[in-house]
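# Examining the three-dimensional arrangement
The primary structure of each chain is shown beneath.
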Amino acid sequence: IVHRDIKPSNLLLDVHGHSYVADFGLAQVQGDAELTLPGDMLGTLRYMSPEQAYAKRIVVDHRTDIFSLGATLYELFTLRHAFDGKTRTEILRQIAFEDPVAPRKISRRLPEDLEIVLLKCLSKNPDERYQTAAELAEDLDAWRRDEPIKACRPSLLQRTAKWTRKHRTLVNSAATTAAISIVALVSSLAFAFQTEKKARQEVETKNTQLATALQESEGRRLSTLASLEVPRDP
């Protein structure tokens, strides 16, 4: 079942500490034909995943609930919203392009492994999240038992992708500037090559003319010497 509206008010605790998920008004059953189609913007704004925020443009599957649960746990551990924009537009922009503040920057008492788990849940790309709730549960249980978790911090490539998403305007401007610079450089090199080629051709032409003039001069000199050596009256 894909709940599509995981949030604090839909998670109930009894006196024994057992948790229950409530309000299945937006839920869909795995395998339904509709589940494979991009859906409308459904769910509570601050806890919806990027694919929910995009609406109708990206397929929403079970990994959306993992993102929403990550946003809920983030709020539980930091007492702050993962996405704290003041307006609907600002919140949607944060969900789509900005990563939440690292939990340990808010509370240094939070264990590092738990921060890694939270940030993995909140990955923009569904493929970079836990792929099942069972995987998330295993890492949480491992953390509770003081055992190594399977999740790890984002790779350099993933961090670069996140930075690019966050600074999309800057990246686009830099790419445009780089493209213009490359075109200008290529044009400059082509102009310099043509100028050098023309100068080389002019030098070759002058050398040819000079060689011809020297040959003609040598020919006149020899003719003059020959005429001086011939007797006037053989």
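Relevant structure appears above.
Position numbers for residues count from 1 along each chain, tracking the sequence in the order it is written. Selection of residues for local features in this predicted model requires a pLDDT of at least 70, selection of side-chain atom pairs for listing and counting requires 80 or more, and totals for whole chains, interfaces and linings are taken over all residues. Excluding hydrogens and water, the side-chain figures rest on all heavy atoms present in the structure.

Right, let's get into the overall build of the protein. The helix and strand labels rest on DSSP assignments: H or I over at least four residues marks a helix, E over at least two residues marks a strand, and numbering proceeds from the N terminus. Scanning the protein for helices and strands turns up eight helices and two strands. Of the regular secondary structure in the protein, the N- to C-terminal order runs β-β-α-α-α-α-α-α-α-α. Expressed as a percentage of contacts within the protein between residues at least 6 apart in sequence, the contacts between residues at least 24 apart total 54%. Per-residue accessibility takes into account occlusion by the displayed protein chains alone, with areas from the Shrake-Rupley method and a 1.4 Å probe. With an accessible surface of roughly 15700 Å², the protein has 59% of that area assigned to carbon and sulfur atoms. The contact definition used throughout considers only heavy atoms, calling two residues in contact when any of these lie within 4.5 Å.

This brings us to helix 3 (residues 88-97). Buried residues of helix 3: Ile91, Leu92, Gln94, Ile95 and Ala96, and no others. Considering only its buried residues, helix 3 is in contact with helix 1 (50-54). For every residue, the accessible area (1.4 Å probe, protein chains only) is compared with the maximum for its type, and the residue is labelled buried under 20%, exposed over 50%, or partly exposed between those bounds.

Here we come to the pattern of salt bridges. What counts as a salt bridge is simple: a side-chain nitrogen of Lys or Arg found within 4 Å of a carboxyl oxygen of Asp or Glu. Scanning the entire structure with this criterion turns up nine salt bridges. The shortest N-O distance in the salt bridge between Arg63 and Asp127 comes to 2.7 Å. Of this pair, Arg63 sits in helix 2 (residues 63-78) while Asp127 sits in the loop between helix 5 (112-121) and helix 6 (133-144); the two residues are 64 residues apart in sequence, bridging distant segments of the chain. Measuring nitrogen to oxygen at the nearest pair gives 3.7 Å for the salt bridge that ties Arg200 to Glu196. Taken together, the positions of Arg200 and Glu196, both in helix 8 (residues 168-229) and four residues apart, correspond to about one turn of that helix. Through salt bridges with shared partners, a single ionic network connects Asp61, Arg63 and Asp127.

The next point concerns a nonpolar patch on the surface. Taken together, the side chains of Ile1, Val21, Phe24 and Val29 present a nonpolar region at the surface, about 380 Å² in accessible area. The residue Ile1 is located in the segment before strand 1 (11-13) in this model. Without a salt bridge and with relative accessible area above 30%, a residue can belong to a patch; like charges are then joined within 9 Å and nonpolar side chains (Val, Leu, Ile, Met, Phe, Trp, Tyr) within 5 Å.

Moving on: the side chain of Thr78. Structurally, Thr78 can be placed in helix 2. Polar contacts, as used here, are pairs of N or O atoms within 3.5 Å; protein pairs need one atom able to donate a hydrogen and one able to accept it. Residues neighboring in sequence count only if both atoms are side-chain atoms. Looking at Thr78, its side chain comes within polar contact range of the main-chain oxygen of Tyr74, at 2.7 Å. Reaching out from Thr78, the side chain makes a polar contact with the backbone nitrogen of Arg80 at a distance of 3.2 Å. Look past the residues within four positions of Thr78 in its chain and what remains in contact with it is Pro103 and Ile106.

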